[in-house]
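# Summary of structural features
Next come the chains, spelled out residue by residue.
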Amino acid sequence: MEKKLKSRFNLLENVYINYILIGILFLIAIPLNQAGIIGGSVLITLGSVILYSVVGIGMNILLGYAGLITLGGAGFMGLAAYLSAYFTRDLNMPFLFSLIFSVGIPIIIGIGIGLISLRLGGYYLAIATLGIGEVLKQVFIEYDVFTGGFSGKSAGYINLFGLQFDRIGTYALYAVILIFALIIGHNIVNSATGRAFMTMRSSEAAAQAMGIRMLKYKVLAFVIATIYSTIGGIMYMHLIKFSFPTTWGLGMSLNFLSIVVIGGMKAIAGPVVGALFVIAFPDLVLKNIPIIGTSPGVAYIFNGVLIVVVLLFYNRGLIKIFTDAKVLIKKLIGGK
Amino acid sequence: MKDNPIFRNDMILKIEDLSISFGGIKAVDAVSFEVNEKEIYGLIGPNGAGKTTIFNIITQFYKPDNGKVYFKDKDLKWKNLIDYKTHDVVKTGLIRTFQNLELIQDLSLLDNLLVGSHTFYKSTALEQALRMPRAVKEERKFRNKAMEIMKLLNISDKAYELVYGQPYGILKKVELGRTLMSEPRMIILDEPAAGLNERETAELADILKHIRTDYDTTIFLVEHDMGLVMDICDRICAISFGEKLAEGTPAEIQNNSFVQEAYLGSEEGELAE
Ligand SMILES: Nc1ncnc2c1ncn2[C@@H]1O[C@H](COP(=O)(O)OP(=O)(O)OP(=O)(O)O)[C@@H](O)[C@H]1O
Ligand SMILES: [Mg+2]
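Everything numeric here is computed off the predicted structure, so don't read it as measured data. (Residues numbered from 1 in each chain as written. Chains lettered and ligands numbered in written order. Predicted model: local features only at pLDDT ≥ 70, side-chain atom pairs only at ≥ 80, totals over all residues. Heavy atoms only, no water.)

## Section: the pattern of salt bridges
Two side chains bearing opposite charge may form a pair once their charged atoms approach each other closely. Counted under the stated rule, the structure contains 28 salt bridges over all chains. When the shortest N-O distance is used, the salt bridge between Asp29(B) and Lys26(B) registers 3.6 Å. Since its relative accessible area comes to 23%, Asp29(B) is described here as partly exposed. Accessibility expressed as a relative area gives 44% for Lys26(B), which makes it partly exposed. Of the charged contacts in the structure, one is a salt bridge between Arg212(B) and Asp234(B), with a shortest N-O distance of 2.8 Å. Of this pair, Arg212(B) sits in helix H6 (residues 198-214) while Asp234(B) is found in the loop between helix H7 (226-232) and strand E9 (235-240), placing the two residues 22 residues apart along the sequence. Bridged by salt links that share partners, the residues Arg195(A), Asp111(B), Glu139(B) and Arg143(B) form one connected network. (Salt bridge = Lys/Arg side-chain N within 4 Å of Asp/Glu carboxyl O. Buried < 20%, exposed > 50% of the residue type's maximum accessible area, 1.4 Å probe, protein only. Helix = DSSP H or I, 4+ residues; strand = E, 2+ residues; numbered from the N terminus.)

Spelled out as structure tokens, the structure:
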């Protein structure tokens, strides 16, 4: 028995290798870009996939594991993006300081809003968070000394300890951040905290009986999702280098729901697969299809159809294709 | 406190004058009884008698209209649980199972047991997220404990399987195992043998006796399986329509005319409808 327990522990650690592999797969784009096989815009698209994945991991913890919904995620992401641009560009703050404030301020606001809105359940929570998201968007529009309003706000690539990142450097950094985001997400859902989230989602009665304070864990899940959102927002700001208030609306928040649902709820790497389909596929594949590709709204239609298909036929998410394929291959090879 | 309840040294739970009604119907009507330390105490009664409701009041899922629930907690201090929030009850050493299982389907058996240790985790979410030494050590400690409990329950071979799709007998054991993870002074079981076959019921009787001695706990159960109740209970309380009928040893309860009538009466009542 001891032995079995130990081997299980090793197995758990081995999951990390999968996450590192995901990061390495993204990194392969760099030599491809340098060899001229893929263009710089593809790198930006893949960089977007990475940052959307990071936000998606947080959303997945909130939605898939804790069973809570938010339609205001984009607002917090945008807030962090603007803060980071403001601190690094307008105030010339070193990036690390800016990072602390750009993550910290939204968290404090998030906790406050969480404490109020998380007493609500289900639909009410969705509507409340939708409202919060829209309020934040309005703030971005109105408060133009800080956000540049409709003319937008710009920022540069990250400068860390005097080391100035360029496009490729930023992309490499983001791939590494993704690895950490995955590992930390994995650790959270496989901890006492993660179990508390899942208990809260599947049985309020069990949670109560086992001493799980519902409000505390709801707020905690909300804060974790906010942290991931803010980091994604900061990554956005220093990759795209430009932000408009309208970017951070309901459409973006819904994108994250798609990413989580399509990729696979309750699978930590699910959002990476989801983001590939929701962000990269329309940009890299759909656009190149003649006639259809250039019609307006095609990406949204593709998204919508994909969600329906996944929910109907593959409700554990597309990430499960990999595990299912593994089983199938083993069957074919092993003949068992 | 205006009234001073009398606590005998060997008591662990004292229920006083408990009443609750739902929409004018008295589901529990002035029920009082006491449970002693290390006892296996049974609560019986026909369907709808109010057994689960009493459990729900004791564990603070319901607040009663009237009455007291005194429990001698881990520090051996008497507490009126009515003053407690539902999620704080477990900290006193009182834990329950549910008549309709409340498990987490998409977690393994092992993880379901670990939920029972929730209040004992000292590491913060951040320490857990970063797998810091304290969090890892703690997790390992509780895993080992869970494995030990699963051994007692004869389910260790399924430790890493999901709860989803497991047979009823296993699910019942997982819920029982989860209660043991909370270092309980008293376990409240709502129909632990429901849905079990004869062999499984006999195994359960053995396990419960083991738990009482090995884990130093009091067991308080609601059960319809009279064979099991009469076999393992030291004392039994019988209720009907929310009212207490009798209390005593299995033999006394079996021969009590009120109890016999209540059980017969309920059947005749059903027939007559
Ligand atoms: N939350 C509630 N709202 C309304 N009525 C309730 C509620 N909980 C229990 N009751 C009623 O209280 C009475 C007692 O129910 P209870 O579940 O305690 O019975 P029981 O003795 O556990 O029965 P069984 O053996 O069938 O489990 C029933 O008439 C039931 O309908
Ligand atoms: Mg009942």
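## Description of the coordination of the magnesium ion (ligand 2)
Reference geometry at the metal: tetrahedral coordination by four donors gives ideal angles of 109.5 degrees; octahedral coordination by six donors gives 90 or 180 degrees. Residue and element names in this part refer to chain B. With distances of 1.9 to 2.1 Å, the protein atoms coordinating the magnesium ion (ligand 2) are Thr52 (OG1) and Gln99 (OE1). Taken together, the residues span a long stretch of sequence, with Thr52 in helix H1 (residues 51-58) and Gln99 in the loop between strand E6 (94-96) and helix H2 (109-115) at a distance of 47 residues. What makes Thr52 partly exposed here is its relative accessible area of 24%. (Donors = N, O, S within 2.8 Å, 3.2 Å for Na, K, Ca; no water.)

## Topic: the confidence of the model for chain B
Interpretation of this model should avoid reading the predicted coordinates in detail wherever pLDDT is low. On average, chain B scores 92 in pLDDT, and the residues at 70 or more come to 95%. Predicted complex, confidence summary: ipTM 0.92, pTM 0.92. (pLDDT = per-residue confidence, 0-100.)

## Comments concerning the interface of chain B and chain A
Of the residues lining the interface, 35 residues belong to chain B; the matching set on chain A comes to 35 residues. Carbon and sulfur atoms supply 60% of the area that chain B and chain A bury against each other, a total of about 3200 Å² over both sides. Taken as a group, His118(B), Arg131(B) and Tyr160(B) account for 21% of the area that chain B buries against chain A, more than any other trio of residues on that side. Where chain B packs against chain A, one counts 5 salt bridges. In this structure, the salt-bridge partner of Lys266(A) is Asp106(B), at a minimum N-O distance of 3.1 Å. Sorting the residues of the side of chain B that touches chain A by element identifies E6, H2, helix H3 (125-129) and helix H4 (133-152) of chain B as the ones contributing at least two each. Take the side of chain B that touches chain A: its biggest share by element is 5 residues, from H4(B). Residues that form the side of chain B that touches chain A fall into these classes: 15 nonpolar, 8 polar and 12 charged. (Contact = heavy atoms within 4.5 Å. Buried area = accessible area lost by both parts, 1.4 Å probe. Nonpolar A, V, L, I, M, F, W, Y, C, P; charged D, E, K, R; others polar.)

## A few points about a nonpolar patch on the surface
Residue and element names in this part refer to chain A. A surface patch of nonpolar side chains, about 730 Å² in accessible area, is lined by Ile17, Ile20, Leu21, Ile24, Leu25, Ile28, Leu32 and Ile37. With 5 residues, helix H1 (residues 2-27) is the largest single contributor of residues to the nonpolar patch. Secondary-structure assignment places Leu21 in helix H1. The class of Leu21 is partly exposed, set by a relative accessible area of 47%. (Patch = residues over 30% accessible without salt bridge, like charges linked within 9 Å, V, L, I, M, F, W, Y side chains within 5 Å. Areas by Shrake-Rupley, 256 points an atom, 1.4 Å probe, with all protein chains shown as cover.)

## Examining the layout of surface pockets
Over the atoms rolls a probe the size of a water molecule, and its path tells where empty space is left. Space inside the largest pocket adds up to approximately 1900 Å³. Forming the boundary of the largest pocket are 46 residues, of which Lys266(A), Ala267(A), Ile268(A), Lys320(A) and Thr323(A) lie nearest the centre. Mapped onto the lining of the largest pocket, the elements with two or more residues apiece are H1, helix H2 (29-34), helix H3 (40-65), helix H8 (167-189), helix H9 (192-202), helix H13 (270-285) and helix H15 (320-334) of chain A. The element that contributes the greatest number of residues to the lining of the largest pocket is H1(A), accounting for 10 residues. Considered as a void within the structure, the second largest pocket measures approximately 750 Å³ in volume. Every residue lining the second largest pocket is counted, 26 residues in all, and those nearest its centre are Val103(A), Ile184(A), Ile227(A), Tyr228(A) and Ile231(A). Secondary structure elements with two or more residues in the lining of the second largest pocket: helix H5 (95-117), H8 and helix H11 (214-240) of chain A together with H3 of chain B. For the lining of the second largest pocket, the element with the highest residue contribution is H11(A), accounting for 8 residues. Considering only residue class, the lining of the second largest pocket consists of 25 nonpolar, 1 polar and no charged. (1 Å grid on protein atoms, 1.4 Å probe; cavity = no way out; pocket = protein on both sides within 12 Å on 5 of 7 lines; lining within 4 Å. Points joined across faces, edges and corners; volume = space filled by probe spheres on them.)

## Focus on the site of ligand 1
Residue and element names in this part refer to chain B. Surveying the vicinity of ligand 1 reveals 13 residues, the closest of which are Lys51, Thr52, Thr53, Gln99 and His224. Alone, ligand 1 offers 630 Å² of accessible surface; in the complex the protein occludes 63% of this. The leading source of residues in the shell around ligand 1 is H1, at 3 residues. (Near = heavy atom within 4 Å.)

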